[in-house]
Structures are given as structure tokens and as C-alpha cells.
Amino acid sequence: MKTLPMYQVDAFTDRLFAGNPAAVVPLAEWLPDETMLAIAAENNLSETAFFVPAGEAAWELRWFTPAIEVPLCGHATLATAFVLAEVLGQTAQTLTFSTRMVGDLTVSRDAEGWFVMRFPRRARNDAAIAVEPVAAALGRRPDEVVEFATPGDTSWLAVYADEADVMGLTPDFGAIAGLPPLNVIATAPGLSVDFVSRMFAPKAGIDEDPVTGSAHCSLVPYWADKLGKTDFVARQVSARGGDLRCELDGDTVVVCGQAVLYLTGEIRLPE
């Protein structure tokens, strides 16, 4: 049997059993796509990240849910940077990840040890979106629904008046999957943070994602316009919960988080 190392990391948290768990699989060369998808399905986490070396302090990086390959994943990028720095001994100040759909991403560390990721800002589309189907799918009527998109990844933001509205949603995942976008993000002003969110992506095989770094590529531009500021403290109010620091820097969304190692293991594959 062929064996591969695998690590499971809780991302966007400083303690175990919180944040968003991601699997990270270092590779010497790419496996067939169907094998990586099968590993991700077997892991049954929201994402499994695979990476191969691509030069000094540089790697190619891909992310798979149990159902599909996704164009961008924040928490699994954070988990990958954590594994490289904290487990595999990578000492470079900046790690560069080459991706197939969103170009090069960089991750560095700040003075407090948080991982600082730079992602592409999603563009807002101004087309009117009917509120009623979203209200039916989420179990509560939002004040507005707006669309953000990058190639291959469209998100609808359902905006509510306060944090309790978002926490009290009763989503119908089948109805959410029947809506046009890849995912639906519910958001509202927070009580102790700038804004809160929950993210639903049943089309990608994830009913509710615990903490979603990539969702903030839409959330940060929205709240920057709404609140008239560019620096934010955010919380995803899923059952596990997770904390993020974010900044809007022109066309870049900076997402910062912490992570902890949960599991070190070995995958066995047929030759």
C-alpha cells in the first residue's frame, strides 16, 4: 500500500474542538483528481487541502469538499500554512500558494502569531434579487439580499438587522441548494464584534460551514461600504464558532486567524 501523511487542523480558533476542521495532505506530485476527491469524501470535512512544492517557500494548492473542487478555501489555506510552519518546519516569513482559479495567495505571520492571508476581493453585482425565496430557505426574512461573485463562485448575502436573527435561522438545506448561487451567507452587525455570519453551501456538499475565510471576500467589502471603515473583527456564529480579523486593502481582502493541530495520521492508498 502507498502511504501519505495527513494532518487535521482546527482553523480560526486557538482551542481544540472549535473553529473549522480541515485536513491537509502534503504531496510530492499531484494525485489523480478522482483520488483527491475520494480522500476528501472519506475525510468528510468541509475541505481537504492538497499541496505540492513549487519553488522556494512556494507551493501549488488545491481544495476539495466531499463533493467538488472549490476555487478558494480560507480555513484550509490557514490550516496548510499552519502545518508548513508549525509541523513541517518551514521558516519563510511569507508562504506563497499558487492556485488554479484565483491566482497566487500569500500567507505571513503577524507580531501576535496570527496567520495573515491575502485573498481577492469579490465584486458586488447590483442586480435585484428577490428576498422571498431566500426568506423561505433560511426561515427568516432578511432586510436585503445582495450578490458577490468571482469566476466560478457566486455568493448571496442575506443581511439581517441583528446577531440574534442570524443565530436564530432555521435553514432548509434543500431549498438553499435550489437557489442559483453556490452558497448563501447570512450576516448582521455583531454585539461584541463588527459583524457576524453563517454560511450555507449544500451544493458543494456542505450544509453549514463552521467558519469560512473565503466568505469574507464578500462580507468585508459589504461591511466596509455599510460601516465606512476598513478594519474589522468578525465572528462566524455556527455551533463551533470562529474568530477572524479582517481588512479591506483595495482589491485585496486580508483575513487573519489562528489554528491548532488536532490529528496527525497516515492515509493508505492502493498502489
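Going by the structure above, here's the rest.
Residues numbered from 1 in each chain as written. Predicted model: local features only at pLDDT ≥ 70, side-chain atom pairs only at ≥ 80, totals over all residues. Heavy atoms only, no water.

S.K.: Outline the packing of aromatic side chains, supporting the account with residue identities and numerical values.
M.R.: Considering all chains together, one arrives at eight aromatic pairs under this definition. Geometrically, the ring pair formed by phenylalanine 195 and tryptophan 223 is stacked, given 5.9 Å between the ring centres and 10 degrees between the ring planes. Placement of phenylalanine 195 in strand β13 (residues 195-201) and of tryptophan 223 in helix α6 (residues 216-227) is noted, with a sequence separation of 28 residues between them. Residue phenylalanine 195 is classed as buried on the basis of its relative accessible area of 0%. The interplanar angle of 90 degrees and the centroid separation of 5.1 Å between the aromatic rings of tyrosine 222 and tryptophan 223 together place this pair among those described as edge-to-face. The burial state of tyrosine 222 is the same as that of tryptophan 223; both residues are buried. (Phe/Tyr/Trp six-rings, centres within 6.5 Å; stacked < 30°, edge-to-face > 60°. Helix = DSSP H or I, 4+ residues; strand = E, 2+ residues; numbered from the N terminus. Buried < 20%, exposed > 50% of the residue type's maximum accessible area, 1.4 Å probe, protein only.)

S.K.: Before we move on, can you summarise a nonpolar patch on the surface with the specific residues and values?
M.R.: Taken together, the side chains of Leu16, Phe17 and Tyr262 define a hydrophobic patch exposed on the protein surface, amounting to about 320 Å² of accessible area. Relative to the helices and strands, phenylalanine 17 is located in the loop between β1 (2-11) and β2 (20-26). Residue classification places phenylalanine 17 among the exposed residues on the basis of a relative accessible area of 57%. (Patch = residues over 30% accessible without salt bridge, like charges linked within 9 Å, V, L, I, M, F, W, Y side chains within 5 Å. Areas by Shrake-Rupley, 256 points an atom, 1.4 Å probe, with all protein chains shown as cover. Salt bridge = Lys/Arg side-chain N within 4 Å of Asp/Glu carboxyl O.)

S.K.: I'd like a description of the nonpolar core, backed by residues and values.
M.R.: In this structure, Phe12, Trp63, Phe97 and Leu157 are the most contacted members of the largest nonpolar core, which totals 55 residues. The leading source of residues in this core is helix α2 (residues 74-87), at seven residues. The contacts of leucine 157, once residues within four sequence positions are left out, are Glu144, Val145, Val146, Phe148, Ile185, Thr187, Ser218, Leu219 and Tyr222. Counting residues in each nonpolar core, the second largest holds 20 residues, with Val166, Leu169, Leu179 and Val196 among its members. (Core = buried A, V, L, I, M, F, W, Y, C linked by side-chain atoms within 4.5 Å. Contact = heavy atoms within 4.5 Å.)

S.K.: A description of the pattern of salt bridges should follow, citing residues and the corresponding values.
M.R.: This structure, assessed with the given rule, holds 15 salt bridges. As a salt-bridge pair, aspartate 33 and arginine 62 come within 3.0 Å of each other at their nearest N and O atoms. Remark: arginine 62 occurs in strand β4 (residues 58-64) and aspartate 33 occurs in helix α1 (residues 33-43); sequence separation between them is 29 residues. For aspartate 33, a relative accessible area of 37% translates into the label partly exposed. Relative accessible area serves as the criterion here: at 2%, arginine 62 is assigned to the buried category. For the salt bridge of aspartate 110 with arginine 245, the shortest nitrogen-to-oxygen distance reads 4.0 Å. You can see aspartate 110 sitting in the loop between β7 (104-109) and β8 (115-120) and its partner arginine 245 sitting in strand β16 (residues 242-249), a full 135 residues away along the chain. Taking relative accessible area as the criterion, aspartate 110 reaches 26% and is therefore assigned partly exposed. It is possible to trace a salt-bridge network through shared partners that takes in Asp33, Arg62 and Glu69.

S.K.: Outline the pairing of strand β6 (residues 94-98), listing residues and values.
M.R.: Burial along β6 is one-sided: the face carrying Leu95 and Phe97 is buried and the face carrying Thr94, Thr96 and Ser98 is not. Across three bridges, β4 lies against β6 in parallel orientation. Paired with tryptophan 59 across the bridge in β6 is phenylalanine 97. Linkage of β6 to β7, two consecutive antiparallel strands, is achieved through a turn of five residues, within which glycine 103 is found at a positive phi near 75 degrees. (Pairing = 2+ DSSP bridges.)

S.K.: Go over α2, please, and point to the residues and values.
M.R.: An α-helical turn contains 3.6 residues, so a residue and the one three or four places further along point in the same direction. Its 14 residues give α2 an end-to-end C-alpha distance of 19 Å, which sits within 8% of 20 Å, the value for a rise of 1.5 Å per residue. Among the residues of α2, those classed as buried are Gly74, His75, Ala76, Thr77, Leu78, Ala79, Thr80, Ala81, Phe82, Val83 and Leu84. Following α2 by one or two positions, glycine 89 adopts a phi angle in the positive range, close to 80 degrees. (Expected span 1.5 Å × (residues − 1).)

S.K.: Help me get a handle on the environment of valine 255, residues and values and all.
M.R.: Here valine 255 shows up in strand β17 (residues 252-257). Separated by 249 residues in the primary sequence, valine 255 and methionine 6 place their C-alpha atoms 25 Å from one another. In this structure valine 255 touches Phe12, Phe115, Val116, Met117, Phe119, Gly213, His216, Leu244 and Arg245, once residues within four positions along its chain are discounted.

S.K.: Explain α6 residue by residue, including any values.
M.R.: Taking burial as the measure, the 12 residues of α6 include nine buried ones, the bulk of the element. Taken together, the buried positions of α6 are His216, Cys217, Ser218, Leu219, Val220, Pro221, Tyr222, Trp223 and Ala224. Of the residues trailing α6, glycine 228 is marked for its positive phi of about 70 degrees.

S.K.: Help me get a handle on the pairing of β1, residues and values and all.
M.R.: For β1, the tally of buried residues reaches seven of 10 residues, placing the bulk of the element in the interior. With 10 bridges connecting them, β1 and strand β18 (residues 259-269) associate as antiparallel partners. Looking at β18, one finds that lysine 2 is bridged to leucine 269. Pairing of β1 with β2, which is carried by five bridges, proceeds in the antiparallel orientation. Residue pairing across strands places valine 9 opposite alanine 22, the latter belonging to β2.

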